[in-house]
Amino acid sequence: MTDASLPEPTPSAPELRASDADREQVAERLRDALAEGRLDMEEFDERLEATYKARTYGELAPLTQDLPGAGGAVAPVSFVKEPVAADGGVHWPARIGGEATSSGAFAFWSGFGRKGRWTVGERFTAFAMWGGGEIDLREANFAAREVEIRCFTIMGGIQVKVPPELDVTVRGFGIMGGVDDRATGAGTPGSPRVVVRGYALMGGVGVDRKPPREERRRMKEARRRERLEGRD
């Protein structure tokens, strides 16, 4: 899975060590290819196993070279920082626009994940049967100012994580299951609008507002400093 917000691929440095985030980026591109019918299950299993065994960019690159959007070596993703506005809030203009890196996800007796720095398509469809999935928008970019995410689950579950500043509307229904709409609410000025439509049969679709990991670390550190100052 490519990401328009990332630096250009670096084929001149195939010997560089790949990170867990790099391997997960390739794994997500392979899952997309499986869902789109570009890979059969045997090819997917072989490439996925090779992905998690890869140690360098040079070992990851061949696994996606014949897939759309592949640019050779994998672009490093470990040091991409969150765009921040002058007042410390989210700089939304930097996160809206560009080509989608993923427009769907599929899980059957398994799971999927979309998280970190990725670009969600204007229409994103997720399906989980006897399995589960995670769609994390806290660090994501958005291909359009308004994005629709459709979640279908049968005897499974899909969890959507959104940042507190995002404009979110949750709709849908469940049969012997449920769709949690408590995250519905307005975002900060300039926020994209995300509509989550959930349909659950003996399963569930949940949407939670959670701060990004980096923000949680800052909050934890601030609380730690307050406790130390209180002791002094």
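Residues numbered from 1 in each chain as written. Predicted model: local features only at pLDDT ≥ 70, side-chain atom pairs only at ≥ 80, totals over all residues. Heavy atoms only, no water.

**A look at the overall build of the protein chain**
The line we're drawing: Helix and strand assignments come from DSSP, with helices taken as H or I runs of at least 4 residues and strands as E runs of at least 2, each series counted from the N terminus. When accessible area is computed with a 1.4 Å probe and restricted to protein chains, residues below 20% of their type maximum are described as buried, those above 50% as exposed, and intermediate ones as partly exposed. Pairs of residues are marked as contacts when any of their non-hydrogen atoms sit within 4.5 Å. Per-residue accessibility takes into account occlusion by the displayed protein chains alone, with areas from the Shrake-Rupley method and a 1.4 Å probe.
A count of helical and extended segments in the protein chain gives four helices and 11 strands. Relative to its full complement of 232 residues, the protein chain shows a buried share of 41%. Residue pairs in contact within the protein chain that sit at least 24 positions apart in sequence constitute 67% of those at least 6 positions apart. As displayed, the protein chain offers around 12,200 Å² of accessible surface, 53% of which is attributable to carbon and sulfur atoms.

**Details of the packing of aromatic side chains**
Basically, it comes down to this: Stacked, tilted and edge-to-face pairs are distinguished by plane angle, under 30 degrees for stacked and over 60 for edge-to-face with tilted covering the rest, among Phe, Tyr and Trp rings (Trp via its six-membered ring) whose centres lie within 6.5 Å.
As enumerated under the stated definition, the model contains eight aromatic pairs in all. Judged by centre distance (5.6 Å) and plane angle (65 degrees), the ring pair of tryptophan 118 and phenylalanine 124 falls under edge-to-face. Accessibility assignment for this pair places tryptophan 118 and phenylalanine 124 in one class, buried. Here the aromatic cluster, defined as three or more aromatic residues joined through ring pairs, consists of Phe108, Trp109 and Trp130.

**Digging into the side chain of arginine 114**
The test is simple: Polar contact is defined as a pair of N or O atoms within 3.5 Å, subject to the rule that within protein one atom must be able to donate a hydrogen and the other to accept it, and that residues adjacent in sequence are counted only when both atoms are side-chain atoms.
By secondary structure assignment, the location of arginine 114 is in strand β2 (residues 111-114). Engagement of the side chain of arginine 114 in a polar contact is seen with the side chain of serine 102, the distance being 2.9 Å.

**Structural notes on the sheet that holds strand β7 (residues 157-162)**
The criterion, for reference: Strands are labelled as partners when DSSP assigns at least two bridges between them.
One open sheet holds the five strands; their spatial order is β2-β4-β7-β11-β9, and the pairing between them is parallel. The sheet is open, and its two borders are formed by β2 and β9 (178-179), each paired with just one other strand. As defined by bridge partners, strand β4 (residues 132-136) adjoins β7 across five bridges and the pair is classed as parallel. When the sheet's bridge partners are listed, aspartate 136 is paired in β7 with lysine 161.

**Considering a negative patch on the surface**
For clarity, the threshold we go by: Patches here: salt-bridge-free residues with over 30% relative accessible area, like charges joined within 9 Å, nonpolar side chains (Val, Leu, Ile, Met, Phe, Trp, Tyr) joined within 5 Å. Between Lys or Arg on one side and Asp or Glu on the other, a salt bridge is scored when a side-chain nitrogen of the former is within 4 Å of a carboxyl oxygen of the latter. Lys and Arg are tallied as positive, Asp and Glu as negative. Neither His nor the chain termini are counted. Charge positions come from single atoms, namely NZ of Lys, CZ of Arg, CG of Asp or CD of Glu.
On the surface, Asp40, Glu42, Glu43, Asp45 and Glu46 cluster together into a negatively charged patch. Within the fold, glutamate 43 resides in helix α2 (residues 41-53).

**Some words on unusual backbone geometry**
For tryptophan 130, which is not a glycine, the phi torsion comes out positive at approximately 55 degrees. Within the secondary structure, tryptophan 130 sits in the loop between β3 (119-129) and β4. The phi dihedral of methionine 176 falls on the positive side, at around 55 degrees, and the residue is not glycine. Tracing the sequence through the fold places methionine 176 in the loop between β8 (167-175) and β9.

**Overview of the pattern of salt bridges**
Taken as a whole, this structure holds nine salt bridges when the rule is applied. Where arginine 193 meets glutamate 146, a salt bridge forms, and the shortest distance between an N and an O atom there is 3.0 Å. Here arginine 193 is found in strand β10 (residues 193-201), whereas its partner glutamate 146 is found in strand β6 (residues 146-154), with 47 residues between them in sequence. We classify glutamate 146 as partly exposed; its relative accessible area is 41%. Where salt bridges share partners, they join Glu122, Arg123, Glu148 and Arg197 into one cluster.

**A word on the nonpolar core**
For soluble globular proteins, the rule of thumb is that nonpolar side chains tend to be buried together. Stated formally: What is meant by a nonpolar core is a set of buried Ala, Val, Leu, Ile, Met, Phe, Trp, Tyr and Cys residues, joined one to another through side-chain atoms within 4.5 Å.
Ranked by size, the top nonpolar core spans 28 residues in total, and within it Ile135, Leu137 and Val160 carry the most contacts. Breaking this core down by element, the ones donating at least two residues are β1 (102-108), β3, β6, β7, β8, β10 and β11 (204-209). Beyond its immediate sequence surroundings of up to four residues, leucine 137 is in contact with Arg95, Trp118, Phe142, Ile149, Val160, Lys161, Val162, Pro163, Leu166 and Val194. Counting 13 residues, the second largest nonpolar core, distinct from the first, contains Leu30, Ala54, Leu60 and Leu63.

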